[in-house]
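# Fold and contact review
Chain by chain, the residues:
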Amino acid sequence: LGFSTHKGTVRAARQWGGRDGVIKLNPSFDGSAEHILHSISRLRRQNGFGYLLRSNSLQNWVRIDETARDALDNELLQRFIGVNYLRSNELRSHYSTGRLSQQYDFILHVDQSNALRVDRTSPGYNQKRTERQRDSRNSISDLALVLSRS
């Protein structure tokens, strides 16, 4: 599954390991996959929509959108936003090229996104965060162990 947005806000940190917050996105670059999907969003007058680009199902229970698949089969700039987002360095830090129709079975586009809201005052928030950090360190240790044995 691929997710795409043209503009809006995201919850991310400004640096690795930094505290997360709401960050305003730059609009997508002209010619990027996100900008093409933004143009479709404007034509449809819809904030969100998706395309099935390929199916691993033998039953083909949903029709593949061949027009979208063909359009998204070109090598396009594609934005990637993860745990951090750097507005000032977006092209270098968050864009790469790819063929969406070969990367994803389904692409979901939300033209204007809204950052996830987190209630930091909820009971146990800091405890849960500590547990997640510990679980993450354990997962990395487990992965390192598996890799060292292969």
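Just so you know, these numbers come straight off a predicted model, no measurement behind them.

## Examining the overall build of the protein
- A tally of regular secondary structure across the protein gives five helices and six strands.
- Written out in order from the N terminus, the α and β elements of the protein read β-β-α-β-α-β-α-β-α-β-α.
- Burial status across the protein gives 29% buried among its 150 residues.

## With respect to the sheet that holds strand β2 (residues 21-25)
- Judged by pairing direction, the sheet is mixed, and its four strands sit side by side in the order β2-β1-β6-β3 without closing on themselves. Whereas interior strands pair on both sides, the edge strands pair on one side only; in this sheet they are β2 and β3 (48-52). Mean inter-strand twist for the sheet, computed between neighbouring axes without regard to direction, equals 35 degrees.
- One ladder, built from five bridges, connects β3 with strand β6 (residues 106-113); its direction is antiparallel. Looking at β6, one finds that F49 is bridged to H109.

## Here we look at the nonpolar core
- Among the nonpolar cores identified, the biggest contains eleven residues, and these are A33, L37, F49, Y51, L53, A68, L72, L76, L100, Y104 and I107.
- Those elements that place two or more of their residues in this core are α1 (33-44) and β3.
- In this structure A68 touches Y51 and L53, once residues within four positions along its chain are discounted.

## Points about the environment of G48
- Structurally, G48 is set in strand β3.
- Judged by relative accessible area, which is 37%, G48 ranks as partly exposed.
- Spatially, the C-alpha atom of G48 lies 9.7 Å from that of S4, the residues being 44 residues apart in sequence.
- The residues touching G48, leaving out its near neighbours within four places in the chain, are H109 and V110.

## Considering the packing of aromatic side chains
- Evaluation of the coordinates by the stated rule reveals two aromatic pairs.
- Seen from their ring centres, F29 and Y95 are 5.1 Å apart, and the 80 degrees between their planes marks the pair as edge-to-face. With F29 in the loop between β2 and α1 and Y95 in strand β5 (residues 95-98), this residue pair connects regions lying 66 residues apart in the sequence.
- The interplanar angle of 70 degrees and the centroid separation of 5.6 Å between the aromatic rings of F49 and Y51 together place this pair among those described as edge-to-face.
- Note on Y51: relative accessible area 9%, which makes it buried.
- The ring of F49 is capped by R44, whose NZ or CZ atom sits 4.7 Å from the centre of that ring.

## Let's talk about the side chain of S32
- Secondary-structure assignment places S32 in the loop between β2 and α1.
- Polar side-chain contacts of S32 include one of 2.7 Å to the backbone oxygen of F29.
- Beyond its immediate stretch of four places on either side in the chain, S32 contacts L77 and Y95.

## Some thoughts on a nonpolar patch on the surface
- On the surface, L1, F3 and L108 cluster together into a nonpolar patch covering about 350 Å² of accessible area.
- Along the chain, L108 falls in strand β6.

## Regarding the environment of T97
- Tracing the chain through its elements places T97 in strand β5.
- T97 gets classed as partly exposed once you look at its relative accessible area, which sits at 47%.
- Residues T97 and L77, 20 residues apart in the sequence, show an inter-C-alpha distance of 4.4 Å.
- With residues up to four places along the chain from it excluded, the contact list for T97 reads E75, L76 and L77.

The rules behind each value
Residues numbered from 1 in each chain as written. Predicted model: local features only at pLDDT ≥ 70, side-chain atom pairs only at ≥ 80, totals over all residues. Heavy atoms only, no water. Helix = DSSP H or I, 4+ residues; strand = E, 2+ residues; numbered from the N terminus. Buried < 20%, exposed > 50% of the residue type's maximum accessible area, 1.4 Å probe, protein only. Pairing = 2+ DSSP bridges. Axes fitted to C-alpha atoms, helices over the stretch in contact; angles between N-to-C directions. Core = buried A, V, L, I, M, F, W, Y, C linked by side-chain atoms within 4.5 Å. Contact = heavy atoms within 4.5 Å. Phe/Tyr/Trp six-rings, centres within 6.5 Å; stacked < 30°, edge-to-face > 60°. Lys NZ or Arg CZ within 6 Å of the ring centre and 35° of its normal. Polar contact = N/O pair within 3.5 Å; in protein donor to acceptor, adjacent residues only side chain to side chain. Patch = residues over 30% accessible without salt bridge, like charges linked within 9 Å, V, L, I, M, F, W, Y side chains within 5 Å. Areas by Shrake-Rupley, 256 points an atom, 1.4 Å probe, with all protein chains shown as cover. Salt bridge = Lys/Arg side-chain N within 4 Å of Asp/Glu carboxyl O.

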